[in-house]
Amino acid sequence: MDDPYARSAEYMDILIADAWGLFAPGLVEALSGLSGETDVTVDLGAGTGRGVETICAALPDNSPVLAVEPSPTLRAVLLARAHGDAHLRARVTVSPTDALNTPLPERIRALVAMNMIGHLSPDDRRELWRRIVPRLIPGGRVILNLSPPTRPVGITRSRMASSSVGDLTYEGWASAEVAGEHRVRWHMTYLVQRAEGRPVSEVTVDYDWWVMDEAELSKELTEHGLTTRQVGHPDAGLYVAIRTGGQLRHQD
Ligand SMILES: C[S@@+](CC[C@H](N)C(=O)[O-])C[C@H]1O[C@@H](n2cnc3c(N)ncnc32)[C@H](O)[C@@H]1O
């Protein structure tokens, strides 16, 4: 797999930390009232594990989590986070696979896909829902966020995140251009600086991102029998899609 995070992975955890201050309460709300305590919650594209931490804190101690992460560099941080905390270590399984190739459990309590759905094309998403939805337990859910832009438009370069560790400051800058009918191309720059802006290093990364808005998401998931609603702080762009009633439909 072509890993868009190969060169930026070292910055991801510290630069996404503030955003998780917004996402975590919404994710906790989206997970509330789930049945099937011992069924698996899947965190797809788990990154460095901030979502895994939030899921484990929100669900009972006997609820297992499958953290799927294709990027070896991000997975190293994820595995270290899971290993370093006794509560996570006992219940988090880290899978070195991707959305469409990961072996799935028979029964899925929730599928969490935070800050990652734009990596999947519309065809890949359809295939994902086709695999996931029949395995969702009644009341099971898909939880994901749509990050702006939700339409294919250009975005002017701006600083997305900044954090300091010791003597160094880490900044993530981003701009986007239209790359297709449902796609933008992000141009990311990661700057490391000493005091007074003296540069230490600069890494640039480009990757494509599939965009959709709330109406498109809702329509797509309705076709798979899920009912979608917004959850959490409106700025988080977070949605929960619930499978109401019915039996498990997975037959493999
Ligand atoms: C912006 S990061 C978000 C990480 C994490 N979910 C978070 O919010 O902190 C996007 C993640 O999606 C993962 N990813 C990219 N393509 C993927 C795919 N086809 N299947 C599963 N994960 C994928 C990346 O490796 C990365 O971990």
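Since this is a predicted model, take the numbers as computed values, not measurements. (Residues numbered from 1 in each chain as written. Predicted model: local features only at pLDDT ≥ 70, side-chain atom pairs only at ≥ 80, totals over all residues. Heavy atoms only, no water.)

K.L.:
Mind showing me how you'd approach helix α5 (residues 122-132) here?
P.N.:
Side chains three or four residues apart in an α-helix point the same way, a direct result of the helix having 3.6 residues per turn. Three or more residues of α5 are buried, namely R125, L128, W129, R131 and I132. Taken down its axis, α5 places every buried residue within 160° of arc, on the same side. In α5, those exposed residues whose orientation departs by more than 90 degrees from the buried face are D123 and R130. Contacts made by the buried residues of α5 are with β1 (40-44), β4 (108-113), β5 (136-145), β9 (199-210) and α6 (214-222). (Buried < 20%, exposed > 50% of the residue type's maximum accessible area, 1.4 Å probe, protein only. Helix = DSSP H or I, 4+ residues; strand = E, 2+ residues; numbered from the N terminus. Arc of directions from axis to C-beta. Contact = heavy atoms within 4.5 Å.)

K.L.:
For this particular structure, what's the right way to read the domain arrangement of the protein chain?
P.N.:
Interfaces are often sized by the amount of accessible area the parts lose when they come together. Domain boundaries in the protein chain define domain 1 (9-146 + 212-242) and domain 2 (155-210). Distance between the C-alpha centres of domain 1 and domain 2: 24 Å. If you look at the interface, domain 1 gives 16 residues, while domain 2 gives 16 residues. Each partner contributes to the roughly 1,100 Å² buried at the junction of domain 1 and domain 2, and carbon and sulfur atoms together form 73% of this total. The largest per-residue losses of area from domain 1 upon contact with domain 2 belong to Y11, L15 and G118, which jointly make up 50% of the total buried on that side. Scanning the region where domain 1 abuts domain 2 turns up zero salt bridges. In this structure, the connection of domain 1 to domain 2 is made through one residue pair in polar contact (both at pLDDT 80 or more). (Domains from an automatic or database assignment. Buried area = accessible area lost by both parts, 1.4 Å probe. Salt bridge = Lys/Arg side-chain N within 4 Å of Asp/Glu carboxyl O. Polar contact = N/O pair within 3.5 Å; in protein donor to acceptor, adjacent residues only side chain to side chain.)

K.L.:
Where do I start with the pairing of β4 in this structure?
P.N.:
Regular strands place side chains that alternate from one sheet face to the opposite one. Within β4, six of the six residues are buried, which leaves the element mostly enclosed by the surrounding structure. Examined bridge by bridge, β1 and β4 share four bridges and lie parallel to one another. Paired with V40 across the strands is I108, a residue of β4. For β4 and β5, the ladder comprises five bridges, and the chain directions are parallel. Residue pairing for β5: V112 is matched across the bridge by I143. (Pairing = 2+ DSSP bridges.)

K.L.:
Mind showing me how you'd approach the sheet that holds strand β8 (residues 183-193) here?
P.N.:
One key point about sheets: their strands pair by backbone hydrogen bonds, in either a parallel or an antiparallel sense. Pairing in this open sheet of four strands is antiparallel, and the strands run β6-β7-β8-β9 from one edge to the other. Each having just a single partner strand, β6 (155-165) and β9 make up the two edges of the open sheet. Pairwise comparison of adjacent strand axes, ignoring direction, gives a mean angle of 20° for this sheet. Strand direction decides the pairing type here: β6 and strand β7 (residues 168-180), joined by eight bridges, are antiparallel. Each residue of the ladder has a partner; that of A161, found in β7, is G172. Contacting β6, β7, β8 and β9, helix α1 (residues 9-31) runs over the sheet at an angle of about 105° to β6. (Axes fitted to C-alpha atoms, helices over the stretch in contact; angles between N-to-C directions.)

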